[in-house]
Amino acid sequence: KIRKMLSCGVCTSNVQLSGKVAIVTGANTGIGKETAKDLARRGARVYLACRDMQKGELVASEIQATTGNSQVLVRKLDLADTKSIRAFAEGFLAEEKYLHILINNAGVMMCPYSKTADGFEMHFGVNHLGHFLLTHLLLEKLKESGPSRVVNVSSLAHHLGRIHFHNLHGEKFYSGGLAYCHSKLANILFTKELARRLKGSRVTTYSVHPGTVHSELIRHSTALKWLWQLFFFFIKTPQQGAQTSLYCAVTEGIEGLSGSHFSDCQLAWVSSQAGNETIARRLWDVSCDLLGLPMDW
Ligand SMILES: NC(=O)C1=CN([C@@H]2O[C@H](COP(=O)(O)OP(=O)(O)OC[C@H]3O[C@@H](n4cnc5c(N)ncnc54)[C@H](OP(=O)(O)O)[C@@H]3O)[C@@H](O)[C@H]2O)C=CC1
Ligand SMILES: CC1=C(/C=C/C(C)=C/C=C/C(C)=C/C=O)C(C)(C)CCC1
């Protein structure tokens, strides 16, 4: 009971999703897997967008067996490679008429310094630019399918983040922990700017802090692995961690809150950086520039 109380925030909506189509990135484990499972239980056709097809197929079978929904599909998506992102989107657009829910969930944390196939620093490239490009490529479909939603999984860690426009790829200085924080700040800035640009459309967008959750996210940090074991009682299960993403994806009547940040299924405060529209606009333009996209999408 105490653990349940500490975990806070449950998505109580019983909205059913038959006939709806959803994509969850990084759905082969952790929060993404539980998010996909819940959407499948509600009857949606769910695409598990995973970089490891074998892991994805195993999880798809598990979700199909536990939910009785056979419409759980795995498609290859490596967010560290824009070619893979474009191939994923092309395949999806060719096979599906609609997209109602896009959950940009995949993430990496505290990686040793490394770059994506396109030369972007790994956290900025995967957590921000990868999802930015994916959303761009799927936006027309989301618009055609409205009402539709984009949920960006960020973190409380964004409070320590800054967008260092002169060092976006960590070439001047690099800390894996801070790079993660910067990328999670970018997730919130992207959400706010996207919401501003989508005003008047039937697509809404939300950013989320899932809580502190048992998952593979801490794979690069021995210290956090110890901390997680020591304080296991205070840490959410992936199923509890999925609640706020699900809340933002399915709850009726939150359209007016597009662009907002949520934690424990409630509105949550963001840092002053995250609320800064000038930084959000500049990050948008720089991201388009890096990805070779038009700025006015
Ligand atoms: N756990 C926590 O306490 C917190 C998590 N979050 C956020 O929640 C989200 C989910 O994390 P969580 O479930 O905890 O972590 P996990 O590490 O368990 O899951 C991350 C998922 O992202 C996938 N992924 C990583 N890199 C890529 C890539 N290049 N292309 C495609 N997929 C990729 C992983 O795939 P693979 O299995 O192949 O590595 C995995 O499926 C993240 O955005 C994270 O920042 C935010 C705050 C706290
Ligand atoms: C201080 C403290 C904790 C540490 C929390 C930490 C270190 C959270 C890190 C969160 C991350 C890495 C989020 C990712 O986005 C616990 C274990 C909750 C137990 C209570 C005291």
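How each quantity is defined
- Residues numbered from 1 in each chain as written.
- Chains lettered and ligands numbered in written order.
- Predicted model: local features only at pLDDT ≥ 70, side-chain atom pairs only at ≥ 80, totals over all residues.
- Heavy atoms only, no water.
- Helix = DSSP H or I, 4+ residues; strand = E, 2+ residues; numbered from the N terminus.
- Rg over C-alpha atoms; globule rule 2.2 N^0.38 Å.
- Buried < 20%, exposed > 50% of the residue type's maximum accessible area, 1.4 Å probe, protein only.
- Contact = heavy atoms within 4.5 Å.
- Areas by Shrake-Rupley, 256 points an atom, 1.4 Å probe, with all protein chains shown as cover.
- Lys, Arg positive; Asp, Glu negative; His and termini not counted.
- Charge placed at Lys NZ, Arg CZ, Asp CG, Glu CD.
- Expected span 1.5 Å × (residues − 1).
- Arc of directions from axis to C-beta.
- Polar contact = N/O pair within 3.5 Å; in protein donor to acceptor, adjacent residues only side chain to side chain.
- Core = buried A, V, L, I, M, F, W, Y, C linked by side-chain atoms within 4.5 Å.
- Near = heavy atom within 4 Å.
- Nonpolar A, V, L, I, M, F, W, Y, C, P; charged D, E, K, R; others polar.

With that settled, the discussion passes to the overall build of the protein. Counting its secondary structure elements, the protein contains ten helices and eight strands. For the protein, the C-alpha radius of gyration of 18 Å lies close to 19 Å, the compact-globule estimate for 297 residues. Over its C-alpha atoms, taken along the principal directions, the protein stretches across nearly 50 × 45 × 40 Å. By the burial criterion, 56% of the 297 residues in the protein qualify as buried. Considering only contacts in the protein between residues 6 or more positions apart, those separated by 24 or more positions represent 77%. Surface accessibility of the protein: about 13300 Å² in total, with carbon and sulfur atoms responsible for 55%. For the protein, the centre of its 33 positive side-chain charges and the centre of its 24 negative side-chain charges are spaced 5 Å apart.

Attention now moves to helix α4 (residues 82-95). Its 14 residues place the ends of α4 20 Å apart at the C-alpha level, agreeing with the 20 Å of an ideal helix rising 1.5 Å per residue. Where α4 is concerned, the buried positions are T82, S84, I85, F88, A89 and F92. Here the buried residues of α4 occupy an arc of 160° about the axis, which is enough to place them on one side. Exposed and facing more than 90 degrees away from the buried side of α4 are K83, E90 and A94. At its buried positions, α4 is contacted by β1 (21-25), β2 (45-50), β3 (72-76), α5 (122-144) and α10 (277-291). Capping the start of α4 is the job of one residue whose side-chain oxygen sits 3.0 Å from the backbone nitrogen of K83: D81.

Grouped together as the largest cluster of nonpolar side chains are 49 residues, with contacts concentrated most on I23, L102, F132, L138, I163 and W297. Elements with a contribution of two residues or more to this core: β1, β2, α4, α5, α6 (176-197) and α10. For this core, the element with the most residues is α5, which contributes eleven residues. In terms of nonpolar packing, the next biggest core, distinct from the first, is built from 35 residues, A36, A44, I101 and L246 among them.

Moving on, we get to the site of ligand 2. Surveying the vicinity of ligand 2 reveals the residues M109, S155, Y180, T212, L227, W228 and F231. Here an oxygen atom of ligand 2 sits 2.6 Å away from a polar atom, N or O, in the side chain of S155. Contacts to ligand 2 include Y180, whose side-chain N or O atom sits 2.5 Å from an oxygen atom. Considering ligand 2 on its own, with 540 Å² of exposed area, one finds that the protein chains cover 62% of that surface. For the shell around ligand 2, the class distribution of residues is five nonpolar, two polar and no charged.

Another aspect to go through is the site of ligand 1. Lining the immediate environment of ligand 1, one finds 30 residues, of which N28, R51, N105, Y180 and S215 sit closest. A distance of 2.9 Å separates a nitrogen atom of ligand 1 from a polar atom in the backbone of L79. Contact with the protein chains removes 97% of the 900 Å² of surface that ligand 1 exposes when unbound. Contributions of two or more residues to the shell around ligand 1 are made by α2 (30-41) and α6. Counted by class, the shell around ligand 1 contains twelve nonpolar, twelve polar and six charged residues.

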